[in-house]
Amino acid sequence: MDSTGTEPSAGTGAEKDRAAVSLTKATPAPTTAEAPDIQSHDTFVIKKTLSLTAGEYVVSVARPDGSEGEPVAYAREKRLSLRGQVTVYTDASRKSVLADFKGRDHEVGYMYDVRDASGQSFGSFYEDAGASFLRRTWQVRQPGTMKLTGRERSRVVAFVRFVWEFVPYLEYVPFIWPYRFKYTESGKPLMTVTKKLGLHTRYVLEILAPDIDRRLAIAHTLALDALEVD
């Protein structure tokens, strides 16, 4: 007992250290949630909703049954842009840009550059006008990695689309029939985009090559819808 009448605290210094560690583990500090890593996923569901000013999209990771899972990106189309412009965001608040694309004049017609938040281009795509006469065909470029050729698979659907564009007033209406694009390099299938039939505009993007930049693949899928009636 000391001069104040208090018993000295028991235990060694090591025991006190262990007690402090135990207390720290019991009350961990909160951590900040990280944005989903889209590059680790292979299949996405892209759903479109309409507003008075723009077309809006939600990009979700697909569950094994094909339904929409965790949202990983949000996009908005600028309706008044003659060359097509879409910005992809990391969250619903649209404060952080994941990627965007906008058309520019090119010898092939319009070339669409896909850029990151800093404005740096990391890919591009354009419609191959010559090959699109009977079946819509796109060229997707990822510098230093791959060159994909995407072609509409069904000749029947492609023909219906071709006729649709020549019917008065229908050329201003989005093509409602479901379709599928297959993307290959040297004949090897690397990606598919499938438009589903339903009350809502919905696409399934499946990526078969790990090196394909998911941001580029998502941006191009959005373009298939946003540029449909351009």
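It should be emphasised that the depicted structure is a prediction, and the values quoted were computed from it without experimental measurement.

Going through the model one piece at a time under the given rule, you end up with eight aromatic pairs. Aromatic pair Phe125 and Trp138: ring centres 5.9 Å apart, planes at 65°, arrangement edge-to-face. Of this pair, Phe125 sits in strand 7 (residues 121-127) while Trp138 sits in strand 8 (residues 137-142), and the two are 13 residues apart along the sequence. On the basis of relative accessible area, Phe125 is assigned to the buried category, the value being 0%. Judged by its relative accessible area of 2%, Trp138 is buried.

With that out of the way, let us pick up the nonpolar core. Grouped together as the largest cluster of nonpolar side chains are 43 residues, with contacts concentrated most on Phe44, Phe101, Phe125, Ile212 and Leu222. The element that contributes the greatest number of residues to this core is helix 3 (residues 214-226), accounting for eight residues. In contact with Ile212, other than residues within four places in its own chain, are Gln39, Gln142, Met146, Leu148, Leu190, Met191, Ile207 and Ala217.

Here we take up the pattern of salt bridges. Going through the model one piece at a time under the given rule, you end up with eight salt bridges. Notably, a salt bridge pairs Arg214 with Asp42, separated by 2.6 Å at the nearest N-O pair. In this pair, Arg214 sits in helix 3 while Asp42 sits in the loop between helix 1 (13-26) and strand 1 (43-50), placing the two residues 172 residues apart along the sequence. Residue classification places Asp42 among the partly exposed residues on the basis of a relative accessible area of 41%. Between Arg215 and Asp213 there is a salt bridge, with its nearest N and O atoms 2.8 Å apart. Since its relative accessible area comes to 24%, Arg215 is described here as partly exposed. Take Asp213: its relative accessible area is 12%, and that puts it in the buried class.

Here we come to the side chain of Gln142. Residue placement: Gln142 occurs in strand 8. Judged by its relative accessible area of 11%, Gln142 falls in the buried class. In this structure the side chain of Gln142 is engaged in a polar contact, spanning 2.9 Å, whose partner is the backbone nitrogen of Asp213. Every residue in contact with Gln142, bar those within four places of it in the chain, is listed here: Phe122, Asp211, Ile212, Asp213 and Leu216.

Conventions used here
- Along each chain, residue indices are assigned from 1 in the same order as the chain's sequence is written.
- Owing to the predicted nature of the model, reporting of local features is limited to residues with pLDDT of at least 70; listing and counting of side-chain atom pairs is limited to 80 or more, with chain, interface and lining totals taken over all residues.
- Just so you know, side-chain values use all the structure's heavy atoms and leave hydrogens and water out.
- Each Phe, Tyr or Trp ring (for Trp, its six-membered ring) is paired with any other whose centre lies within 6.5 Å, and the angle between the two planes then decides the class: stacked below 30 degrees, edge-to-face above 60, tilted in between.
- Numbering of helices and strands starts at the N terminus; helices are DSSP runs of H or I of at least 4 residues and strands are runs of E of at least 2.
- Only protein chains enter the calculation, and the probe is 1.4 Å; a residue is then buried if its accessible area is under 20% of its type maximum, exposed if over 50%, and partly exposed in between.
- Among the buried residues, those of types Ala, Val, Leu, Ile, Met, Phe, Trp, Tyr and Cys that are joined through side-chain atoms within 4.5 Å form a nonpolar core.
- In what follows, residue pairs with any heavy atoms lying within 4.5 Å of each other are defined as contacts.
- Take a side-chain nitrogen of Lys or Arg and a carboxyl oxygen of Asp or Glu: if they are within 4 Å of each other, that pair is a salt bridge.
- Side-chain atoms alone can form a polar contact between residues adjacent in sequence; in general such a contact is a pair of N or O atoms within 3.5 Å, and within protein one must be able to donate a hydrogen while the other accepts it.

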